[in-house]
Amino acid sequence: MAGRIPQNFIDDLIARSDIVEVINTRVPLKRKGKEFSACCPFHNEKTPSFTVSENKQFFYCFGCHAKGNVIGFLMDYEHLSYIDAIESLAADAHVDVPHEDNGFSNQNKEDKQPYYKILEQASELFQQELKTSARAIDYLKQRGLSGEIAKQFKIGYAPDGWNFLSGSLGKTTDKLNSLIKTGLVVTKENDKTYDRFRDRIIFPITDQRGRIIGFGGRILDQGEPKYLNSPENTVFHKGYELYGLYETKQALRKIDRIIVVEGYMDVVALAQHGINYAVASLGTATTTEQIQKAFRTTHEIVFCYDGDNAGKKAAWRALENTLTVIRDGMIAKFLFLPEKEDPDTMVRKEGKEAFEQRIKNAKTLSDFLFENLKSEIDISSTEGKAQVASKANALIQKMHNGFLKDLLIEELSTLVGLSQQLLESKISTKIENKKTAQTLTKPARGQQISNNKTRLAVALLIQNPILASHHTVPDMFKHAANKGLQLLHTLQQTIASNPDISAAALLERFRDGEHENTLSTLSMLQTPETENDNTVTEVFKEVIERLHREERSEYLKNKLENNEQLSPEEWNEYLEKPNK
Ligand SMILES: [Zn+2]
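Here the structure is a predicted model, which is why all the values come from computation and not from measurement.

**Q** Could you give an account of the overall build of the protein chain, naming the residues involved and the relevant values?
**A** Within the protein chain, the regular secondary structure consists of 26 helices and 17 strands. Among the 580 residues that make up the protein chain, the fraction classed as buried is 49%. Pairs at least 24 apart in sequence give 65% of the contacts found in the protein chain among residues at least 6 apart. Split by element, the accessible area of the protein chain, about 28800 Å² in all, is 47% carbon and sulfur. For the protein chain, the distance from the average position of its 75 positive side-chain charges to the average position of its 81 negative side-chain charges is 3 Å.

**Q** An account of a negative patch on the surface is requested, with residue identities and associated values reported.
**A** A surface patch of negative charge is lined by Asp367, Asp406, Glu410, Glu411 and Glu424. When residues of the negative patch are assigned to their parent elements, the largest contribution, three residues, is made by helix 17 (residues 403-416). By secondary structure assignment, the location of Glu411 is in helix 17. Relative accessible area serves as the criterion here: at 32%, Glu411 is assigned to the partly exposed category.

**Q** Give a description of unusual backbone geometry that names residues and reports values.
**A** The omega torsion across Glu224 and Pro225 is -15°, close enough to zero to call that bond cis. Structurally, the position occupied by Pro225 is in the loop between strand 10 (212-219) and strand 11 (227-229). We note that Gln57 has phi near 60°; this positive angle belongs to a residue other than glycine. The topology assignment puts Gln57 in the loop between strand 3 (50-53) and strand 4 (58-61). Residue class for Gln57 comes out buried when judged on its relative accessible area of 16%. Phi is positive for Asp199, which is not a glycine, with a value near 50°. Here Asp199 lies in the loop between strand 8 (193-195) and strand 9 (200-206). The exposure class assigned to Asp199 is buried, which follows from its relative accessible area of 15%.

**Q** Could you give me a rundown of the side chain of Asn393, with the residues and numbers involved?
**A** Checked against the element boundaries, Asn393 lands in helix 16 (residues 382-396). Judged by its relative accessible area of 7%, Asn393 falls in the buried class. Ignoring sequence-local partners within four residues, the contact set of Asn393 consists of Val388, Leu412, Leu423, Lys426 and Ile427.

**Q** How would you explain the pattern of salt bridges if you had to name every residue and give the values?
**A** In the structure shown here, the tally under the stated rule is 22 salt bridges. The closest approach of N and O atoms between Arg211 and Asp207, which form a salt bridge, is 3.0 Å. In terms of burial, Arg211 and Asp207 fall into one category: buried. The network of salt bridges with common partners includes Arg135, Asp199 and Asp221.

**Q** Would you mind going over the coordination of the zinc ion in detail, with residue names and values included?
**A** Each pair of donors in an ideal four-coordinate tetrahedral metal site encloses 109.5 degrees, whereas pairs in an ideal six-coordinate octahedral site enclose 90 or 180 degrees. Distances from the zinc ion to its protein donors, namely Cys40 (SG), His43 (ND1), Cys61 (SG) and Cys64 (SG), fall within the range 2.1 to 2.3 Å. The site at the zinc ion holds four donor atoms, and with the angles between them running 103 to 116°, its shape is tetrahedral. Linear spacing of the donor residues for the zinc ion on their chain is C-x2-H-x17-C-x2-C. Residue His43 is found in the loop between strand 2 (35-38) and strand 3, and its partner Cys64 is found in the loop between strand 4 and strand 5 (67-68); the two are separated by 21 residues along the sequence. Cys64 matches His43 in its accessibility class, with the two residues each being buried.

**Q** Go over the sheet that holds strand 5 with me, naming the residues and quoting the values.
**A** Strand pairing in a sheet relies on backbone hydrogen bonds. The paired strands run either parallel or antiparallel. One open sheet holds the five strands; their spatial order is 1-2-3-4-5, and the pairing between them is antiparallel. In this open sheet, the two edge strands, each paired with only one partner strand, are strand 1 (30-32) and strand 5.

**Q** Break down the packing of helix 16 against helix 17 for me, with residues and values.
**A** Where helix 16 meets helix 17, the axes come as close as 10 Å, and the angle between the chain directions of the two elements is 175°. Classified by the angle their axes make, helix 16 and helix 17 are roughly antiparallel. Residues Lys385, Val388, Ala389, Ala392, Asn393 and Ile396 of helix 16 lie in contact with helix 17, whose contacting residues are Lys405, Leu408, Ile409, Leu412, Leu415 and Val416.

**Q** Can you break down the pairing of strand 9 residue by residue, with the values?
**A** Where burial is concerned, most of strand 9 is hidden: seven out of the seven residues are buried. The two faces of strand 9 match: Arg200, Ile202, Pro204 and Thr206 on one face and Ile201, Phe203 and Ile205 on the other face are all buried. With seven bridges connecting them, strand 9 and strand 10 associate as antiparallel partners. Residue pairing for strand 10: Ile205 is matched across the bridge by Gly214.

**Q** Would you mind going over the sheet that holds strand 16 (residues 331-337) in detail, with residue names and values included?
**A** A sheet is described by the order of its strands in space; here six strands give the open sequence 12-14-13-15-16-17, paired in mixed fashion. Strand pairing shows two members of the sheet lacking a second neighbour, strand 12 (242-243) and strand 17 (363-364), which therefore form its edges. Looking at chain direction, strand 12 and strand 14 (residues 278-281) are connected through two bridges and run antiparallel. By the bridge assignment, Tyr243 is partnered in strand 14 with Ala280. Helix 12 (residues 288-295) rests against strand 12, strand 13 (258-261), strand 14, strand 15 (300-306) and strand 16 of the sheet, and its axis sits at about 135° to strand 15. Along the sheet, helix 13 (residues 309-323) makes contact with strand 15 and strand 16, crossing strand 15 at roughly 160°.

**Q** Summarise the packing of aromatic side chains; cite the residues concerned and give the values.
**A** Enumeration according to the criterion identifies 22 aromatic pairs in this entry. An angle of 40° between the planes, with centres 6.2 Å apart, marks the rings of Phe42 and Phe59 as tilted. With a gap of 17 residues between them, Phe42 in the loop between strand 2 and strand 3 and Phe59 in strand 4 connect regions that are remote in the sequence. Taking relative accessible area as the criterion, Phe42 reaches 11% and is therefore assigned buried. Here the aromatic cluster, defined as three or more aromatic residues joined through ring pairs, consists of Phe42, Phe50, Phe59, Phe73 and Tyr77. Residue placement shows Arg211 over the ring face of Tyr116; its charged tip is 4.0 Å from the ring centre. The lysine or arginine in question, Lys312, covers the ring of Phe336, its NZ or CZ lying 5.6 Å from the ring centre.

**Q** Help me get a handle on the nonpolar core, residues and values and all.
**A** Membership of the largest hydrophobic core comes to 71 residues, with the highest contact counts inside it found for Phe50, Ile71 and Leu488. Formed by 59 residues, the second largest nonpolar core is a distinct cluster that contains Leu130, Leu140, Leu169 and Phe197.

**Q** Give a description of the pairing of strand 3 that names residues and reports values.
**A** Across the two faces of strand 3 the burial is the same, with Phe50 and Val52 and Thr51 and Ser53 all buried. If you look at the hairpin formed by strand 3 and strand 4, you'll find four residues sitting between the two strands, and Gln57 has a positive phi there, around 60°.

**Q** Please set out the state of the cysteines residue by residue, giving values where relevant.
**A** Applying the stated criterion across every chain yields a total of zero disulfides. Lacking any disulfide linkage, Cys39 is separated from the closest cysteine sulfur, that of Cys40, by 8.6 Å. Accessibility expressed as a relative area gives 33% for Cys39, which makes it partly exposed.

Cut-off values and rules
- Every chain begins its residue count from 1, and numbering advances along the sequence as written.
- Where totals are concerned, whole chains, interfaces and linings use all residues; where local detail is concerned, this predicted model gives features only for residues with pLDDT of at least 70, and gives and counts side-chain atom pairs only at 80 or more.
- To obtain the side-chain values, all non-hydrogen atoms of the structure were included, while hydrogens and water were left out.
- Under the DSSP-based scheme used, a helix requires at least four consecutive residues in state H or I and a strand at least two consecutive residues in state E, with every element numbered from the N terminus.
- Whether a residue is buried, partly exposed or exposed follows from its accessible area with a 1.4 Å probe, protein chains only, as a fraction of its type maximum: under 20%, in between, or over 50%, in that order.
- In what follows, residue pairs with any heavy atoms lying within 4.5 Å of each other are defined as contacts.
- Note on areas: Shrake-Rupley, 1.4 Å probe, and residue coverage restricted to the protein chains presented here.
- We count Lys and Arg on the positive side and Asp and Glu on the negative side, and we leave His and both chain ends out.
- By convention, the charge on Lys lies at NZ, on Arg at CZ, on Asp at CG and on Glu at CD.
- Patch membership requires over 30% relative accessible area and the absence of a salt bridge. Like charges are linked within 9 Å, and nonpolar side chains (Val, Leu, Ile, Met, Phe, Trp, Tyr) within 5 Å.
- Any carboxyl oxygen of Asp or Glu within 4 Å of a side-chain nitrogen of Lys or Arg constitutes a salt bridge here.
- In this listing, donors mean N, O and S atoms no farther than 2.8 Å from the metal, or 3.2 Å for Na, K and Ca; water is missing from the atoms, so a site can look incomplete.
- Any site counts as irregular unless it has four donors with all angles between 85 and 135 degrees, making it tetrahedral, or four or six donors with opposite ones more than 155 degrees apart and the rest between 65 and 115, making it square planar or octahedral.
- Two strands make a pair as long as DSSP finds a minimum of two bridges between them.
- Note on geometry: axes are lines fitted to C-alpha atoms, helical ones only across the stretch in contact, with angles between N-to-C directions running from 0 to 180 degrees.
- Here the angle decides the label: under 35 degrees means roughly parallel, over 145 means roughly antiparallel, 65 to 115 means roughly perpendicular, and every other value means oblique.
- Side-chain rings of Phe, Tyr and Trp (the six-membered ring for Trp) are treated as a pair once their centres are within 6.5 Å; stacked means planes under 30 degrees apart, edge-to-face means over 60, and tilted covers the remaining angles.
- A positively charged side chain is recorded as over a ring if its NZ (Lys) or CZ (Arg) lies within 6 Å of the ring centre. The angle to the ring normal must also be within 35 degrees.
- To form a nonpolar core, buried Ala, Val, Leu, Ile, Met, Phe, Trp, Tyr and Cys residues must be joined to one another through side-chain atoms within 4.5 Å.
- In what follows, a disulfide is any cysteine sulfur pair within 2.5 Å.

In structure tokens:
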């Protein structure tokens, strides 16, 4: 993916941007010695463990281990794709993103601007149409919506007719093409086209920056389908977006909680009644990405569903996805409305206060988890208990470590009558198994590193690429059995072909590769060795030399074991027995 935008451009862009400035406009930072810190935007906390290094242009959280460079931050914080993060940085720097013309056609190469433009124009037309359609206005009025709310959510109306949009916006081939690419216009087999949205109330869906990326359309009378969405396309990725999130952020400076509902109409109706913190997942299931996105905006999410079976099922899927995301300090609750009711009908019936009371009384995550398991499995028998234990274990295992996880284990232990230790051991064995499968896993807060020369060398080099010009990494590391040595060699090669590369740009080269995690952890690692500028060069030289001697010794030993001849020099070297 990275190949399409020239690597030099990305290096420059990273060098031009200041991570402190980029983060500070989103998460206010405080200077703390050489670095900056804040309460982490990726997990909830009271004492700051989120650190930004101005020198290295990296960020790291000691609480949740979120880490990376400025591109990584934008991707995580604003939930942008890699390309979008680069585009966002480039826009701030007032430069255009060049694309390598490599002769291959691929959709990421596309310029998205025409799509945003056509979507915006379509939205304006739909809004104008609403003003002239008495039927559509009536419909919204019946639903209790004011003109003000309609305007705030840019609600529009797509008139009945096959060629409203293509007729008014699709006059040139390029524009018609944009209409087709964004799904507003559909092509028939005989190359004729027609409008996707006809005789529908139109709800524009916006991204984080408020750009329109798609539409949802609701039918006015009876008919199928009741709701129709824009299809997925280059700018619209359903599972990542939350309808109403942009409007919520516009309306509130501090968002205490977000309520996740199913439909556009629910979001708008709730806003009409002063509950302006509702968002809709654009499908029945709320995805992990959507939950993460919501938790970046607030620390409490209330999932709201119809109390029928379909609602319960959707809620359970949301619970499963929440477990993989939730951390201490975050709250997830579940609100079930009476059958046949949705937030729209409910809030119109009982008003803001009663509805907010429901939100307040929503079920906690643990209550919903255990009540649901108990309702499915008869827990009076030993077999039932075992079944609950194994089901709950499988879910709890996916969680991040923390008090919430401990408390759920404790509750499970009381419920099934197994000791906490036993349950914990079952959960942790599974985690251990997973861990040993990975090589060179991340050290917790720099422990181990001082004993591990390879890690130290990698940390020094990724943090100070200039070191590669002071001391060469031996060629033999390329084929070393130790993956860390191979990595050192790769780093050296990368730096050699870009001698001025910054640390953050160097890290960028390894995005999505097998070493990404190791490198981003080591890039923020602080040890006495990595912190003292004066000694960094000497330490690096020394550690590389030691690693080299060890590697040589290993090589000679292998040679002997394979009954190969050693030269007199090699014998001398071998007998010196370099150790440590
Ligand atoms: Zn964190």
